[in-house]
There are 2 protein chains.
Amino acid sequence: MSLETTFPFLYNYWPHVIALIATYSSVVYFVNTKNQNTEKQVENKIKKNNPVIIKKKYLSPDQEAEVHDDEIEDVDGAKISSALPEDLPHVPLTTYKRYSDKEMIERSAAFYDDMNNRRTVRFYSSEPVPKEVIENIIRTAGTAPSGAHTEPWTYVVVGDKDVKASVRQLIEEEEEINYNKRMGVQWTTDLMPLKTNWVKEYLTTAPYLILVFKQAYGFNPDGTKKNHYYNEVSVAIATGILLAAIQKAGLVTLTSTPLNCGPALRTLLGRPNNEKLMILLPVGFPAENCSVPDLSRKPLEEISSWF
Amino acid sequence: MSLETTFPFLYNYWPHVIALIATYSSVVYFVNTKNQNTEKQVENKIKKNNPVIIKKKYLSPDQEAEVHDDEIEDVDGAKISSALPEDLPHVPLTTYKRYSDKEMIERSAAFYDDMNNRRTVRFYSSEPVPKEVIENIIRTAGTAPSGAHTEPWTYVVVGDKDVKASVRQLIEEEEEINYNKRMGVQWTTDLMPLKTNWVKEYLTTAPYLILVFKQAYGFNPDGTKKNHYYNEVSVAIATGILLAAIQKAGLVTLTSTPLNCGPALRTLLGRPNNEKLMILLPVGFPAENCSVPDLSRKPLEEISSWF
């Protein structure tokens, strides 16, 4: 079998053919590697949100004390210790207060009225709020249950005028890009009749900003990593209690989740890498003549099913 | 240039060499395609949790009324409509109650005391609770803010003895598998000295179970899909308000997230496919001589940073 007579083209151009095949397979290999990286990144992103769900599906997720494990494997394979000692003693429940049926009905109805008066507010007065009230509100949020009692939250409270201005500048810069570059022409047109834009005046008007960070993981006294079970859900539950505390105190807020600003705000506020901004709440009094969208809430029948 | 004299090996075995290279690039290509699929799957998983975050990064995530978009594209490419009309009127904020600084300090301190008395409870009395109290509690949870005011929650309340028994059976079956099959030998050994196992007596003892479902998406009156922005965070925030309401009413609960039982419980309770079980709360009175783990909470300094 002679290459010259069988495939004269291949005989003359074999280096080109081989080079072509080599180039092709290199390109395929490169694309492949790149995809692996992307997949890895996406997976890590999910894992970071809840390392345990992915790897340890059998862990009981009950709050505060159901998980006593001392040594569990991190997603990276590193050994990490749990938040709770294995010999944690149990004590009588002394903080419980029992009420009569009548009292319970009255108390639950009164709390419903309080909470039902809550509205998300976008227009703030600059009137100062006593710091002690904000301290009580943060303390209240800290009473929330959390996966394995890890308390995976950090509340950054900004009352300083200059720091509020910096926060506002960072968010508005990012929002302006969101509005002008990241959205298509159709969207720009659609949003024109609406009053919302990238200017967030409330970020400097409200006397306080509360930035709620979740801790994706924590650290033990010896520096080893501590697994934060269900950190995202735990922090959101704590935020619900925080909103209730703000309402109870007679203040108003706006539940917002600043897009794309998390890392910049974390740097500005000196928070470590294990923390991620989840929610930003301006807190204060409503502006005079404050208006709210004319919304109603679904009735009980629509949000519940009874057995 | 002659192939025969330059590379005698290649001259004799060129078909093998080409076949080898072709096979290699095919394998690389196959692996590449497979990775692309995996990546796509992971991405879809994230997208499902919050379709908008991925595709519409420019959307303002503020609650209740910041997003007025009428027609946005679903991840599937299907057109879906928003929850709010574009011409939603704004009305004066009439539900706000202003308190003095002194009152605010007192109210916030009192609410902190109330919430700080809350403990996660695992041992329940079977004593009945007035249904009206549970209704008020669910109504209160329904006052939570939510992405674009979509109210993406369903509270399934189980007071019926037989249904509670079915829920318990489903969960215990799954938990037994978790304990006996899904965990390794090391884990089985580690958990032996602990009192927790797959038996969840509280699921039939507590007078009520509240199962909190998130609606991953909703439906408009015309049957088209409705996007539920930030549904997971919204439902967790609502759960925080629910926990506050339970505590305020004088009842106790256990914040649990049953693993692997979601679809079975959804079927049992007749919930549709767009709903996903997030949290299960037994609600009632603590058992006599109820004990709790001896836990303390982080102080204010540890959970907050002030500017």
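Calculation notes
- Residues numbered from 1 in each chain as written.
- Chains lettered and ligands numbered in written order.
- Predicted model: local features only at pLDDT ≥ 70, side-chain atom pairs only at ≥ 80, totals over all residues.
- Heavy atoms only, no water.
- UniProt positions renumbered as here; feature names shortened; annotations may be inferred.
- Pairing = 2+ DSSP bridges.
- Helix = DSSP H or I, 4+ residues; strand = E, 2+ residues; numbered from the N terminus.
- Buried < 20%, exposed > 50% of the residue type's maximum accessible area, 1.4 Å probe, protein only.
- 1 Å grid on protein atoms, 1.4 Å probe; cavity = no way out; pocket = protein on both sides within 12 Å on 5 of 7 lines; lining within 4 Å.
- Points joined across faces, edges and corners; volume = space filled by probe spheres on them.
- Nonpolar A, V, L, I, M, F, W, Y, C, P; charged D, E, K, R; others polar.

- The name recorded for chain A in an unreviewed UniProt entry is Iodotyrosine dehalogenase 1, from Orchesella cincta.
- Here is the UniProt Cofactor (unreviewed entry) comment for chain A, exactly as written: "FMN".
- Its UniProt record, at the heading Sequence similarities (unreviewed entry), says of chain A: "Belongs to the nitroreductase family."

1. Describing the sheet that holds strand β5 (residues 208–215) of chain B
Working step 1: Reading across from one edge, β11(A)-β4(B)-β5(B)-β9(B)-β8(B) is the order of the five strands in this open sheet, with mixed pairing throughout. Edge positions in the open sheet fall to β11 (304–306) of chain A together with β8 (252–253) of chain B, since each of these has one partner strand only.
Working step 2: Of the strand pairs in this sheet, β5 of chain B and strand β9 (residues 275–284) of chain B are connected by eight bridges, and their pairing is antiparallel. From the neighbouring strand, L211 of chain B faces β9 of chain B, where its bridge partner is L280 of chain B.

2. A short note on the pairing of β5 of chain B
Residue and element names in this part refer to chain B.
Working step 1: Counted residue by residue, β5 has eight buried out of eight residues, so it is predominantly covered.
Working step 2: In β5, alternate side chains face the same way, and those of Y208, I210, V212 and K214 on one face and L209, L211, F213 and Q215 on the other are all buried.
Working step 3: Note: strand β4 (residues 153–158) against β5, six bridges, orientation antiparallel. Across the sheet, the residue bridging to V158 is L209, located in β5.

3. Focus: empty space enclosed by the protein
Working step 1: Throughout the structure, instances matching the rule amount to 15 cavities of 30 Å³ or more.
Working step 2: Considering only enclosed or pocket space, the largest cavity measures out at about 140 Å³ in volume.
Working step 3: Forming the boundary of the largest cavity are 15 residues, of which T95 and K97 of chain A together with D114, N117 and Q247 of chain B lie nearest the centre.
Working step 4: Residues belonging to the lining of the largest cavity are distributed by class as follows: six nonpolar, four polar and five charged.

4. Quick notes on unusual backbone geometry
Working step 1: Positive phi values are uncommon outside glycine, yet A148 of chain A reaches one of about 55°.
Working step 2: Residue placement: A148 of chain A occurs in the loop between α5 (131–141) and β4 (153–158).
Working step 3: The buried category is assigned to A148 of chain A, whose relative accessible area is 3%.
Working step 4: Its identity is not glycine, yet Y230 of chain B carries a phi of approximately 50°, on the positive side.
Working step 5: One can find Y230 of chain B in the loop between β7 (225–227) and α9 (231–249).

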